[in-house]
Amino acid sequence: MIFRITEDVFVSRPSADEVVLLHIGSGEYFTLDGVGAHVWSTLEEGPRGLEELVRSVQEVFEVEASPCRLDLATLMGQLSAASLIKQTEE
Amino acid sequence: MMSVHPLETAEGALLMECLKPPARQDPARLSSLADAPGLRPELALQRAAEHGAAGFMQRALRQVPGAGPVSLREGIDAMATLVRMRNMKLATDLGEVMGALQGAGVRALTFKGPTTSLQLHGDVGIRPSNDLDVLVPPDALNEAMRLVTGLGFRRDPKFDLRDMEPNLAHHIAYLRGGTTLEVHVRLFSNAGFANESFDVLWPGRRPCTIPGGPVATLDVGRQALHLALHGSWHGFGCLKWLADIGALLNDSAEISWTDLLEDAEHSEWRRPLLLALHLASEALELPLSPAVEERVTADKRFLDRKASTCVRRWFPEEAPVDRRTLEGVFFRLGLLESANVLRELKRLLFRPNSADWNMLPFLSPRTPVVFSIIRPLRIVFRYTGAAAQLAWRRLFPKSTPS
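What you see as residue numbers is a count from 1 along each chain, following the sequence as written. Numbering of ligands from 1 and lettering of chains from A proceed in the order in which they are written. In view of the model being predicted, local features appear only for residues whose pLDDT reaches at least 70, and side-chain atom pairs are presented and counted only at 80 or more, with totals across whole chains, interfaces and linings using the full set of residues. The side-chain values count all of the structure's non-hydrogen atoms but skip hydrogen atoms and water molecules.

Q: Tell me about the overall build of chain A, and name the residues and values.
A: Each helix and strand counted, chain A has three helices and six strands in total. Reading the helices (α) and strands (β) of chain A from amino to carboxyl end gives β-β-β-β-α-β-α-α-β. Computation of the radius of gyration draws on C-alpha atoms alone. For the globule rule, the value is 2.2 Å times the number of residues to the power 0.38. A compact globule built from 90 residues would reach a C-alpha radius of gyration of about 12 Å, and chain A, at 12 Å, matches this within 12%. In terms of overall dimensions, chain A has a C-alpha envelope of 35 × 30 × 20 Å along the principal axes. Here chain A, with 90 residues, has 41% of them falling under the buried criterion. Considering only contacts within chain A whose residues lie at least 6 apart along the sequence, 47% involve residues at least 24 apart. Surface accessibility of chain A: about 4900 Å² in total, with carbon and sulfur atoms responsible for 48%. Elements are defined by DSSP. Helices are runs of H or I of four residues or more, strands are runs of E of two residues or more, and each kind is numbered from the N terminus. With a 1.4 Å probe rolled over the protein chains alone, any residue whose accessible area is under 20% of its type maximum counts as buried; one over 50% counts as exposed, and the rest are partly exposed. Contacts are assigned to residue pairs with any non-hydrogen atoms lying within 4.5 Å of each other. Note on areas: these come from Shrake-Rupley sampling with a 1.4 Å probe, and a residue is covered only by the protein chains present in the view.

Q: Please give an account of the pairing of strand β1 (residues 2–5) of chain A that cites residues and values.
A: Residue and element names in this part refer to chain A. Looking at chain direction, β1 and strand β5 (residues 48–49) are connected through two bridges and run antiparallel. Within β5, the position partnered with Ile-2 by the bridge is Gly-49. Only strands joined by at least two bridges in the DSSP assignment are considered to pair. Taken together, the four bridges between β1 and strand β6 (residues 85–88) define a ladder with antiparallel strand orientation. Its bridge partner being in β6, Phe-3 is matched across the sheet by Gln-87.

Q: Got a sec to walk through helix α4 (residues 54–61) of chain B? Specific residues and values, please.
A: Burial of α4(B) is extensive: eight of the eight residues sit out of reach of the surface. Taken as a whole, α4(B) has its buried residues at B:Ala54, B:Gly55, B:Phe56, B:Met57, B:Gln58, B:Arg59, B:Ala60 and B:Leu61.

Q: Residues and numbers for the interface of chain A and chain B, please.
A: Taken together, the contacts link twelve residues of chain A with 13 residues of chain B. A 1.4 Å probe defines the accessible area here, and the buried area is the portion of it lost by two parts on being joined, summed over both. Of the roughly 1100 Å² buried where chain A meets chain B, counting both sides, 69% is carbon and sulfur surface. It is A:Phe10, A:Pro14 and A:Tyr29 in chain A that bury the most area against chain B; as a group they hold 53% of the surface buried on that side. Salt bridge criterion: a side-chain nitrogen from Lys or Arg within 4 Å of a carboxyl oxygen from Asp or Glu. Summed over the shared surface of chain A and chain B, the number is one salt bridge. Measuring nitrogen to oxygen at the nearest pair gives 2.5 Å for the salt bridge that ties A:Glu18 to B:Arg62. As used in this structure description, the phrase polar contact means that two N or O atoms lie within 3.5 Å; if the pair is within protein, one of them must be able to donate a hydrogen and the other to accept it, and residues adjacent in sequence are counted only when both atoms belong to side chains. At the junction of chain A and chain B, the tally comes to six residue pairs in polar contact (both at pLDDT 80 or more).

Q: I'd like a description of the environment of A:Leu53, backed by residues and values.
A: All names here are of chain A. Turning to its location among the elements, Leu-53 is positioned in helix α2 (residues 50–60). For Leu-53, a relative accessible area of 1% gives the class buried. When the C-alpha positions of Leu-53 and Thr-42 are compared, they lie 7.5 Å apart, and in sequence the two are eleven residues distant. Sequence-distant contacts of Leu-53, defined by excluding residues within four places in its chain, comprise Phe-3, Val-39, Thr-42, Leu-43, Arg-48, Leu-72 and Met-76.

Q: Lay out the pattern of salt bridges in plain terms, naming residues and giving numbers.
A: A complete count under the given rule lists 23 salt bridges over all chains for this structure. Taking the shortest distance from any N to any O, the salt bridge between A:Glu44 and A:Arg13 comes out at 2.0 Å. Within this pair, whereas A:Glu44 is found in helix α1 (residues 35–45), its partner A:Arg13 is found in strand β2 (residues 9–15), the two being separated by 31 residues in sequence. Given the relative accessible area of 39%, A:Glu44 is considered partly exposed. Residue classification places A:Arg13 among the partly exposed positions, given a relative accessible area of 27%. Its salt-bridge partner being B:Arg84, residue B:Asp123 comes within 3.6 Å of it at the nearest N-O pair. Taken together, the residues B:Asp123 in the loop between α6 (113–121) and β2 (132–135) and B:Arg84 in helix α5 (residues 70–103) connect sequence positions 39 residues apart. Of the two residues, B:Asp123 and B:Arg84, both sit in the buried class. When salt bridges that share partners are traced, they join B:Glu265, B:Arg270, B:Arg271, B:Arg295 and B:Asp299 into one network.

What follows is the structure in structure tokens.
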């Protein structure tokens, strides 16, 4: 499963570790900071799978793989539900 | 060296440091200013709001975590969040408008607004925008009006189409929800620079990506000229305009200052341009190119005097330079070359508008008597009170807060 950012998102960066997202269709705003902001930046570089995101987070933050995977799966679910990212097979 | 730094107050000094381009900010100095003993957080927040500086202050203060009073940091964060959300919404609306225009084959350039924050300050949320500005060729105005109306924009009820007489008003204002859209057929209301053809501006356009895709904006030289003229025209009463000039000065690799100065000279806008550059250079401690420095030095006495007028009003008890006050009128006239003074006086005194016609409904909008009598009378009535107020302030000045 690959995650990619949808085209309906407008991004603003108050600082290196915070992103503000506007979903253009719904007009809803979202804020990500810390790990969430890092994950978003990684997705901006290109579509990523869950394991790639876990590795990317572990390179920056000191976190065990297993809880990190669970947390990222939750985050990806939330971002998908808000139509900020979409999941594709490849 | 002219002293244009409003360093008498801790709030002013902090604000000015925050308005510098990030590469020019000194974290140690920022930290020291944010923790200055005399800093009044509530006044710093007020100044940030007045000058559209919350986004700039947030960006700067995040470089120095923990510095400054908590109430100041929280207040700035709250204000900056509102600025960011508003700008993102404006950018979305702009994308919709530009998409409709481009889709219909209407050439359109956007300027000021959220694209300025993106292009000059690196993020849409830094510099607040009040409205959207789109420039279209005069012969495409009707089509543009039809398209924006189709998007749900309605003409501002205060706007009268008769203001669109040649060389008078330069835009039509539309409203939709909380968004104001100005559709321009010229960049500036006055002559000279204002008369520059859309066809001259179009080839130098540069892209800016906003929601909906890339849109065309002014080339960086024209953008600099327009921002300088706009800011000078309003006496730099709002410091976000000065931060724009500072960003251009700091990253001006694309700007040919010699060409820009020649253009300004040719269109008789030399002094407003030099005032903007001089003021930004002094206040934000930014170097000028040798070509600009030379022109500034040649006209330093005049520029210092005008700059002092601007600075006096940055952190004042009195109101900023306002075009509706007598002092504001003289400030603006003083920036103009002789030929433009006459044009501006003509524009100021002999401009017809709906209020004039409403007063004398039996006259045709083109009746010369209205141009020659009604407008000057209204101006006299309006400025008599302003002149008395100004004289009173001069005679009995308020003491400067410590």
